[in-house]
Amino acid sequence: MTFAATVVTLYPEMFPGPLGISLAGRGLREGLWSLETVQIRDFATDKHRSVDDTPAGGGAGMVLRADVVAAAIDSVARAGRPLLAMTPRGRPLTQDRVRELAAGPGAIVLCGRFEGFDERIFEARDIEEVSIGDYILSGGEMAALTLLDACIRLVPGVMGAASSGMDESFETGLLEYPQYTRPVEWEGRTIPEVLRSGDHARIEAWRRAMAETDTRLRRPDLWERHEGVRVQSPSGARRKHGTD
């Protein structure tokens, strides 16, 4: 099954952008995933091709019109694909949600501009609002590229070996352990001895310990979440790693 991505935007020339190079680009050329863009302005009905108007009640900026946006998204065949709107007020994107999307038929991604969308578009259409972080971008296109990149790399065949991404940050609920490569010594700093030992059990234990330490120190929010989903015993009591 090909992962089919449709981006509804005022700036279709921004796509595929970085998704057209490296592994994602090769996957696109090989047909492992597909991309189409829909120009919102094509669905404007006046001679000026207007897609926005002033905010009701006054205020700065412009707001994307519900009628024009609705016509644009209604032109796209959904075929079971979710419709996602990139917006700061959306639910934060997680790796769990990325995996769900990547395992499906694809996604339709709606990109906002200006002061956002007329609220009635969310009342009238089944739209999942998604945020990639607590900061402001000029528009939803960069957020859409981020979401699609996260999904596409999980599409079978894109990354090559199926296990390539399993140890990366967030896949296990932890940050990734530190990585090293040659030369063994650089500016007086050496690769940790355990990684040169050839003892795979020791290496695995070290990597796990470092992932836990880094997560606890750098991202206490992730660590609390990780602790909260530790394996439960049949009685509901929490179990420690390596103990019953």
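Data block above holds the structure.
Residues numbered from 1 in each chain as written. Predicted model: local features only at pLDDT ≥ 70, side-chain atom pairs only at ≥ 80, totals over all residues. Heavy atoms only, no water.

**Looking at the overall build of the protein**
Moving on, step 1. Helix and strand counts for the protein stand at seven helices and nine strands.
Moving on, step 2. Overall, the C-alpha framework of the protein stretches about 70 × 45 × 40 Å when taken along its three principal axes.
Moving on, step 3. Going through the 244 residues of the protein one by one, you find that 38% of them count as buried.
Moving on, step 4. Accessible surface, the protein: about 14,400 Å² in total, of which carbon and sulfur atoms supply 52%.
Moving on, step 5. The averaged location of the 36 negative side-chain charges in the protein is 3 Å from the averaged location of its 30 positive side-chain charges. (Helix = DSSP H or I, 4+ residues; strand = E, 2+ residues; numbered from the N terminus. Buried < 20%, exposed > 50% of the residue type's maximum accessible area, 1.4 Å probe, protein only. Areas by Shrake-Rupley, 256 points an atom, 1.4 Å probe, with all protein chains shown as cover. Lys, Arg positive; Asp, Glu negative; His and termini not counted. Charge placed at Lys NZ, Arg CZ, Asp CG, Glu CD.)

**A word on helix 5 (residues 141–152)**
Moving on, step 1. For helix 5, built from 12 residues, the straight-helix expectation of 16 Å at 1.5 Å per residue is met to within 8% by its first-to-last C-alpha distance of 16 Å.
Moving on, step 2. Within helix 5, nine of the 12 residues are buried, which leaves the element mostly enclosed by the surrounding structure.
Moving on, step 3. Buried within helix 5 are the following residues: Glu141, Ala143, Ala144, Leu145, Leu147, Leu148, Ala150, Cys151 and Ile152. (Expected span 1.5 Å × (residues − 1).)

**As for the packing of aromatic side chains**
Moving on, step 1. Applying the stated criterion across every chain, the model contains one aromatic pair.
Moving on, step 2. On the basis of an interplanar angle of 90° and a centroid distance of 5.7 Å, the ring pair of Phe117 and Phe122 is categorised as edge-to-face.
Moving on, step 3. On the accessibility criterion, Phe117 (13% relative accessible area) is buried.
Moving on, step 4. Note that Arg216 overlies the ring of Trp223, its terminal NZ or CZ placed 5.6 Å from the centroid. (Phe/Tyr/Trp six-rings, centres within 6.5 Å; stacked < 30°, edge-to-face > 60°. Lys NZ or Arg CZ within 6 Å of the ring centre and 35° of its normal.)

**Section: unusual backbone geometry**
Moving on, step 1. Along the chain, Phe15 connects to Pro16 via a cis peptide bond; the corresponding omega equals 5°.
Moving on, step 2. With respect to the helices and strands, Pro16 occurs in the loop between strand 1 (3–9) and helix 1 (22–29).
Moving on, step 3. Between Arg182 and the following residue, Pro183, the backbone shows a cis peptide bond with an omega angle of 5°.
Moving on, step 4. As for its placement among the helices and strands, Pro183 is situated in the loop between helix 5 and strand 8 (185–186).
Moving on, step 5. With phi around 55°, Ser22 is a residue other than glycine that occupies positive phi space.
Moving on, step 6. Of note in the backbone geometry, Arg49 takes a positive phi value of approximately 55° without being a glycine.
Moving on, step 7. If you trace the backbone, Arg49 turns up in the loop between strand 2 (33–39) and strand 3 (52–53).

**Some remarks on a nonpolar patch on the surface**
Moving on, step 1. On the surface, a nonpolar cluster with roughly 300 Å² of combined accessible area is contributed by Tyr135, Leu137 and Met142.
Moving on, step 2. Examined against the element boundaries, Leu137 turns out to sit in the loop between strand 7 (128–131) and helix 5.
Moving on, step 3. For Leu137, a relative accessible area of 39% puts it in the partly exposed group. (Patch = residues over 30% accessible without salt bridge, like charges linked within 9 Å, V, L, I, M, F, W, Y side chains within 5 Å. Salt bridge = Lys/Arg side-chain N within 4 Å of Asp/Glu carboxyl O.)

**A short note on the sheet that holds strand 6 (residues 106–111)**
Moving on, step 1. Taken in spatial order, the five strands line up as 2-1-6-5-7 in an open sheet, and their pairing is parallel. Each end of this open sheet is capped by a strand with a single partner; those strands are strand 2 and strand 7. Adjacent strand axes in the sheet meet at a mean angle of 35°, parallel and antiparallel pairs treated alike.
Moving on, step 2. One ladder, built from seven bridges, connects strand 1 with strand 2; its direction is parallel. When the sheet's bridge partners are listed, Phe3 is paired in strand 2 with Trp33. (Pairing = 2+ DSSP bridges. Axes fitted to C-alpha atoms, helices over the stretch in contact; angles between N-to-C directions.)

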